[in-house]
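# Descriptive analysis of the structure
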Amino acid sequence: MDARRQQTRGDKVVFLFSLVAFAYFTLLIITSQLKWDPVFLGIVRELVTLPAIVGLLVLLVLSAMAFVKGNFRIRSFAFYSLVVVLLTFAAMIGFA
């Protein structure tokens, strides 16, 4: 039971980071579409975007591994984080 709780807690953390990455890239897409580029946002974008992309790839692998380990359960945080990460990649490709 304790191992299952640890797995669920890890899945929740991955899901939370997936939502944060989704929010960050959504903010970048919105500011790009509105052509709004203050200096501070440009500095943050330059410092954070490449590590965020690498982190998104790591989140993709972690959520896929957790989804497989959880016997492909649809109602799990691993599945939801996998969907959020894939939507983030789709948004990045679609609006780039």
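Residues numbered from 1 in each chain as written. Predicted model: local features only at pLDDT ≥ 70, side-chain atom pairs only at ≥ 80, totals over all residues. Heavy atoms only, no water.

## Focus: unusual backbone geometry
Definition in use: Numbering of helices and strands starts at the N terminus; helices are DSSP runs of H or I of at least 4 residues and strands are runs of E of at least 2. Working definition: with a 1.4 Å probe on protein chains only, accessible area under 20% of the residue-type maximum means buried, over 50% means exposed, and in between means partly exposed.
Positive phi is not limited to glycine here, since K35 has a value of about 55°. Tracing the sequence through the fold places K35 in the loop between α1 (2-33) and α2 (39-69). Using a relative accessible area of 72% as the deciding quantity, one classes K35 as exposed. In this structure, F72 takes a positive phi of about 60° despite not being glycine. Positionally, F72 belongs in the loop between α2 and α3 (77-95).

## Quick word on α3
Keep this limit in mind: To estimate the expected span of a helix, count its residues, drop one, and scale the result by 1.5 Å.
Here α3 contains 19 residues, and its C-alpha end-to-end distance of 27 Å stays within 8% of the 27 Å for a straight helix at 1.5 Å per residue. Turning to α3, its buried residues number three or more, namely A78, S81, L82, V84, V85, T88, F89 and A91.

## Side note on the pattern of salt bridges
How we decide: Each salt bridge in this description consists of a side-chain nitrogen of Lys or Arg and a carboxyl oxygen of Asp or Glu lying within 4 Å of one another.
Counting across every chain of the model gives one salt bridge. Here R45 and D37 are joined by a salt bridge, their closest N and O atoms 2.6 Å apart.

## Examining the side chain of T88
Let me state the cut-off plainly: Note on contacts: a residue pair is in contact if any heavy atoms of the two residues lie within 4.5 Å.
Take T88: it is sitting in helix α3. T88 sits in the buried class, given a relative accessible area of 1%. Setting aside residues up to four positions removed in sequence, T88 forms contacts with A21, F22, F25 and L56.

## Here's the deal with the packing of α2 against α3
Geometrically, a packed helix pair is captured by the angle between its two axes and the distance between the axes. Operational definition: Every angle, taken between N-to-C directions, lies between 0 and 180 degrees, and every axis is a line fitted to C-alpha atoms, over only the stretch in contact when it is a helix. By definition, turning the near helix anticlockwise from the far helix through less than a right angle yields a left-handed crossing, and turning it clockwise yields a right-handed one.
Viewed as axis vectors pointing N to C, α2 and α3 meet at an angle of 145°, and their least axial separation amounts to 8 Å. Regarding α2 and α3, the two cross each other, and that crossing is left-handed. Across the interface between the two elements, I53, L56, L57, L59, L60, S63, A64, A66 and F67 from α2 touch A78, F79, S81, L82, V85, L86, T88, F89 and M92 from α3.

## So, α2
Put simply, the rule reads: Note on bend: at a given residue it equals the angle between the axes fitted to the 7 residues ending there and to the 7 starting there.
The end-to-end C-alpha distance of α2, which contains 31 residues, comes to 44 Å, matching closely the 45 Å that a straight helix rising 1.5 Å per residue would cover. At V48, α2 shows its largest bend, some 40°, and a proline, P51, comes one to four positions later. Residues L41, G42, T49, A52, L56, L59, S63, A66 and F67 constitute the buried set of α2. Looking one or two residues past α2, N71 carries a phi angle of roughly 60°, positive in sign.

## A look at the packing of aromatic side chains
What counts here: Centres within 6.5 Å make a pair out of two Phe, Tyr or Trp rings, where for Trp the six-membered ring is used; the pair is then stacked when the planes are under 30 degrees apart, edge-to-face when over 60, and tilted otherwise.
Applying the stated criterion to the full structure yields five aromatic pairs. Centroid distance F15 to F77: 5.5 Å. Interplanar angle 55°. Geometry classified as tilted. Placement of the pair is F15 in helix α1 and F77 in helix α3, with a sequence separation of 62 residues. Consider the rings of F67 and F72, whose centres lie 5.4 Å apart with planes at 90°: the pair is edge-to-face. On the basis of relative accessible area, F67 is assigned to the buried category, the value being 12%. Grouped by ring-pair contacts, the aromatic residues F67, F72, F79 and Y80 constitute a single cluster.

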